[in-house]
Amino acid sequence: MARQVKRAFRYRFYPTDGQAAELSPTFGCVRLVYNKALEERTRAWYGEQRRVSYVESSAALTEWKRTGEFAFLGEVSCVPLQQALRHLQTAFASFFARLAGYPRYKSRKRSRASAEYTRSAFAWREGELTLAKMSGPLDIRWSRPLPGGVEPSTVTVSCDAAGRWFVSLLCGDTVTEAPATGAAVGVDAGVTSLVTLSTGEKIANPRYERRDRVRLARAQRELSRKAKGSNNREAVRNLLRNGRLARAVSDAAWTELRSTLEYKCAWYGRELVVIDRWFPSSRLCGACGTVAARMPLNVRTWTCECGAVHDRDVNAAHTILAAGLAAAACGDGVRPQRESSRTRRSSMKQEPQRATAGTPHL
């Protein structure tokens, strides 16, 4: 069975000086509108216990443009500003539904500089993209094709801390469910191996943190040699602000992996069964069911009292598979939800990490 899905395609592009001069203030205006609207909503919520709607925020934006202090908001495309208010509305809806925390202000240094354009604010002609208030198309490096005959519905332009420009095109696409199968696989997430399957296969950890650690150290040495106040020093400082540098593969990476599994399973007609994060998969013998009293994280292989010798991660994947099949048989399977309690289920078993210097190991 085929189904329609929304899929984002991200590309790098190289703006002209004029395009950069148009986009840079747009990013600043988007951040300002988001923060100012958040300030107004916060004042209404905590001061009056009153909720502010998107319509009210939009009307307030119109009034801000008429004042001398914020008249410059009228110099950029209005669509990214309205989209910022819509994103804030979504953030508050999640907060009131207890699905997320209270919305946070966007920081100039830490937040990604971006602007979102809907169909009324860009032109798409013969594979070329032209944004509102620009005379020419963006110089995009098409690293992969878009779905044939499909035009983007939303365009998001961003610039990272290293000064690289990206454009993300949200398009409709058709995916076909994979053939039916009775096969199942258990997945154990770790750091020594990013994931281990019950088939015995191990997916290596790409160790981005080690690579980024070298880049970060090099950038810091270069920064120390630059003259204060120079353009060269500022270029290196922007690199150091990149929040992705020196990032270890940790719970955040596992969360991204889980999210990917969830929507891929939904696309291709597969069932994702999740088990409790605190299920003792590593200590549970897959042969006899005995649970070992304790197992330090540096123990990679162990022998059960029944005589079975286990690879820690492979055994964990086997016990996860068994637990998942049992949960599915009892009708307590998939439900890719974002529960907040410790009893929530996870698409893979994630062991707590030991705090060590350098790269954490499981």
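All values derive from a computational prediction rather than experimental measurement. (Residues numbered from 1 in each chain as written. Predicted model: local features only at pLDDT ≥ 70, side-chain atom pairs only at ≥ 80, totals over all residues. Heavy atoms only, no water.)

Participant: Help me out: how do you make sense of the overall build of the protein in this one?
Facilitator: Helices and strands together make up the secondary structure of the protein, namely seven helices and 15 strands. By element, 51% of the accessible surface of the protein is carried by carbon and sulfur atoms, the whole surface being about 20,500 Å². (Helix = DSSP H or I, 4+ residues; strand = E, 2+ residues; numbered from the N terminus. Areas by Shrake-Rupley, 256 points an atom, 1.4 Å probe, with all protein chains shown as cover.)

Participant: Can you walk me through the environment of Glu-63 in this structure?
Facilitator: Of note, Glu-63 is situated in helix 2 (residues 54–66). Within the structure, Glu-63 has its side chain in polar contact with the side chain of Arg-66 (distance 2.9 Å). (Polar contact = N/O pair within 3.5 Å; in protein donor to acceptor, adjacent residues only side chain to side chain.)

Participant: Help me out: how do you make sense of the side chain of His-310 in this one?
Facilitator: Considering the arrangement of structural elements, one finds His-310 in strand 13 (residues 309–311). For His-310, a relative accessible area of 11% gives the class buried. When near neighbours in sequence (up to four residues on either side) are disregarded, His-310 contacts Cys-285, Gly-286, Ala-287, Arg-300, Thr-301, Trp-302, Cys-304 and Asn-315. (Buried < 20%, exposed > 50% of the residue type's maximum accessible area, 1.4 Å probe, protein only. Contact = heavy atoms within 4.5 Å.)

Participant: Please explain the packing of helix 1 (residues 17–48) against helix 2 as it appears in this structure.
Facilitator: When two helices pack together, their arrangement is given by the angle between their axes and by how far apart the axes lie. Between helix 1 and helix 2, the least distance of the axes is 11 Å, while the angle of their chain directions is 120°. Here helix 1 lies oblique to helix 2, going by the angle between them. The two elements helix 1 and helix 2 cross, and the hand of that crossing is right-handed. On the side of helix 1, the interface is formed by Val-33, Lys-36, Ala-37, Glu-40 and Arg-41, while helix 2 contributes Tyr-54, Ser-57, Leu-61 and Trp-64. Its residues assigned to classes, the contact of helix 1 with helix 2 shows five nonpolar, one polar and three charged. (Axes fitted to C-alpha atoms, helices over the stretch in contact; angles between N-to-C directions. Parallel < 35°, antiparallel > 145°, perpendicular 65-115°, else oblique. Left-handed = near helix turned anticlockwise from the far one by under 90°. Nonpolar A, V, L, I, M, F, W, Y, C, P; charged D, E, K, R; others polar.)

Participant: It is not clear to me how unusual backbone geometry should be interpreted in this structure. Could you clarify?
Facilitator: Generally, phi is negative for residues other than glycine and the peptide bonds are trans, each holding for most cases. Of note in this structure, Gln-49 is not a glycine but carries a positive phi near 55°. In this fold, Gln-49 is placed in the loop between helix 1 and helix 2. Look at Gln-49 and you get exposed, because its relative accessible area is 53%. One non-glycine residue, Lys-133, lies in positive phi territory at about 70°. Relative to the helices and strands, Lys-133 resides in the loop between strand 4 (128–131) and strand 5 (140–141).

Participant: Help me understand the pattern of salt bridges, please; the structure alone is not making it clear to me.
Facilitator: A side chain of one charge can pair with a side chain of the opposite charge if their charged atoms are brought near each other. Following the criterion strictly, the structure yields 13 salt bridges and no others. Salt-bridge contacts for Arg-50 lead to Glu-48; the nearest nitrogen and oxygen are separated by 3.0 Å. With a relative accessible area of 52%, Glu-48 lands in the exposed category. The salt bridge involving Glu-151 is made with Arg-119; its shortest N-O contact spans 2.7 Å. Of this pair, Glu-151 sits in the loop between strand 5 and strand 6 (154–159) while Arg-119 sits in the loop between strand 2 (113–118) and strand 3 (122–125), and the two are 32 residues apart along the sequence. Its relative accessible area of 43% is what places Glu-151 among the partly exposed residues. (Salt bridge = Lys/Arg side-chain N within 4 Å of Asp/Glu carboxyl O.)

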